[in-house]
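Understanding the architecture of this molecule
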Amino acid sequence: MPDFLDAEHTEVLRNAERLASEIAALVDQQAPGDLAAAIRQASRAAGVFGMTQPRALGGSEAGSLALAIVRDTLGSRNAGHFQGIFGPSPGVLANVDEPLRSQFLLPYLAGEMRGGFGFTEPADAPRHTWAVRDGDELVINGQKSYVTGGADADFINALVEVDQIGPAMVLIETALAGVTLERRFGTLDGSHHAVFTFADVRVPAAHVIGEAGRGLRRALSQISATRMAIAADCIGQCRFAIDLVEQSLVERANRRGDADGPAPPGTDLERVSLGNMRIAAYAARSALYRTARLLDAGENAVNEVMAAKSLATETLSRICDDAVQLVGGTALVEGHPLADILRRVRALRLAEGPTEVLATNVARGRLDLGLGRV
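Residues numbered from 1 in each chain as written. Predicted model: local features only at pLDDT ≥ 70, side-chain atom pairs only at ≥ 80, totals over all residues. Heavy atoms only, no water.

Let us look at the packing of helix α1 (residues 7-29) against helix α3 (residues 64-76). In the contact formed by α1 and α3, the axes pass within 9 Å of each other and the chain directions differ by 30°. On the basis of the axis angle, α1 is roughly parallel to α3. The way α1 lies across α3 gives a crossing that is right-handed. Here His-9, Val-12, Leu-13, Ala-16, Glu-17, Leu-19, Ala-20 and Ile-23 of α1 come into contact with α3, specifically with Leu-65, Ala-66, Ile-69, Val-70, Thr-73 and Leu-74. Residues that form the contact of α1 with α3 fall into these classes: 11 nonpolar, 2 polar and 1 charged. (Axes fitted to C-alpha atoms, helices over the stretch in contact; angles between N-to-C directions. Helix = DSSP H or I, 4+ residues; strand = E, 2+ residues; numbered from the N terminus. Parallel < 35°, antiparallel > 145°, perpendicular 65-115°, else oblique. Left-handed = near helix turned anticlockwise from the far one by under 90°. Contact = heavy atoms within 4.5 Å. Nonpolar A, V, L, I, M, F, W, Y, C, P; charged D, E, K, R; others polar.)

Quick look at the environment of Leu-274 now. Within the secondary structure layout, Leu-274 lies in helix α6 (residues 268-296). When its relative accessible area of 14% is taken as the criterion, Leu-274 is described as buried. Separated by 49 residues in the primary sequence, Leu-274 and Ala-323 have C-alpha atoms spaced 8.4 Å apart. In this structure, Leu-274 is in contact with Ile-242, Val-245, Glu-246 and Leu-249, ignoring residues within four places of it in sequence. (Buried < 20%, exposed > 50% of the residue type's maximum accessible area, 1.4 Å probe, protein only.)

The topology assignment puts Glu-121 in the loop between β1 (115-118) and β2 (130-134). A polar contact of 3.1 Å, which involves the side chain of Glu-121, links it to the side chain of His-128. Within polar-contact distance, the side chain of Glu-121 engages the backbone nitrogen of Thr-129 at 2.9 Å. Beyond its immediate chain neighbours, meaning those up to four positions away, Glu-121 contacts Arg-127, His-128, Thr-129, Gln-143, Lys-144, Ser-145 and Leu-159. (Polar contact = N/O pair within 3.5 Å; in protein donor to acceptor, adjacent residues only side chain to side chain.)

Evaluation of the coordinates by the stated rule reveals 17 salt bridges. For Arg-18, the salt bridge is made with Glu-11, and the minimal N-O distance between the two is 3.8 Å. With relative accessibility at 45%, the residue Arg-18 sits in the partly exposed group. Since its relative accessible area comes to 36%, Glu-11 is described here as partly exposed. The residue Arg-343 makes a salt bridge to Asp-340 at a minimum N-O spacing of 3.2 Å. Here the residue Arg-343 and the residue Asp-340 both occupy positions in helix α8 (residues 337-348), the gap between them amounting to 3 residues, near one helical turn. Since its relative accessible area comes to 27%, Arg-343 is described here as partly exposed. Classification of Asp-340 as partly exposed rests on a relative accessible area of 22%. The network of salt bridges with shared partners includes Glu-11, Arg-14 and Arg-18. (Salt bridge = Lys/Arg side-chain N within 4 Å of Asp/Glu carboxyl O.)

Moving on to the environment of Arg-217. As for its position among the elements, Arg-217 is in helix α5 (residues 215-256). Looking at Arg-217, the relative accessible area reads 59%, which means it is exposed. Distance in space between the C-alpha atoms of Arg-217 and Phe-196 is 23 Å, their sequence separation being 21 residues.

The buried fraction of strand β4 (residues 155-162) is high, at 7 of 8 residues. Pairing of β1 with β4, which is carried by 4 bridges, proceeds in the parallel orientation. Note on β4: the bridge partner recorded for Gly-115 is Phe-155. The sheet contact formed by β2 and β4 spans 2 bridges and is parallel. (Pairing = 2+ DSSP bridges.)

See below:
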């Protein structure tokens, strides 16, 4: 946990710890079909559900540090990946004007509509998804792959190149003529995505989100928030994996004990491995909380966010791999928490930018733009 918390963030930590304990109990008690609803109720009671929602719409609009504390705490109990913990956040729809606010944002935040996020084109796409202006409409063509939440979405917030204007975030209703759901698929981490094509899709020009020409910046702000969420959950899971290893070493030592008491936990090599795991987790955790404080201070922390996400996912991957070696073959059995985490983190190392791409962008931020402290 971060050091030197003020009273407000200390209370956030306590609420998160209570919620983590409640979710752990619910997982043991609830049928899978009822779990998300039960978690949602517990999260509302803990004051966590509305942390990702605007104050003006009934949420608490928590800062980056508070969200990091909650996600880290839940991850430390291997509970952060369950559905129902956080309410829908406005994402790229934040601060939109009418008619988007009434027709889409408010129903979305109330859970009455579902949205997807379309940023990436297929590798073989001839060009980025594009649009031309025709009177009061945009005519959109192209493809989007890995549309997060797209398979069941009522609308997609998609990055579109508008001719003679530039990149824009555009809200595209999935029921419009010319919108085709080509494929839905799941990934190793248990999330679901979709592939869409757009063929002469006519969208009202009023469905441009924010200022046309600045859509990439708006999209990247959403991606940065998701990267921080991934990083915080991974940091918590590092603690969870390390705790499992220590528990395994202690239990093994107790079994080796004799009348004089238990044997010392862990061989010299096992202790070296455990020590390295703790050192790596400490470094990644420090990066996460420093970045959260920079964001709350209003600093430009784009590079730091990419560094925190890279460190967190790569560190968790290595820690889990080492943890499996120390715990042994039982950790490879389907349903073992370490096996589940390994599956999820392999996908997270690619999500919202592969580690190698983020490293390239950090270098570009410094060499070409002079941004960031990394």
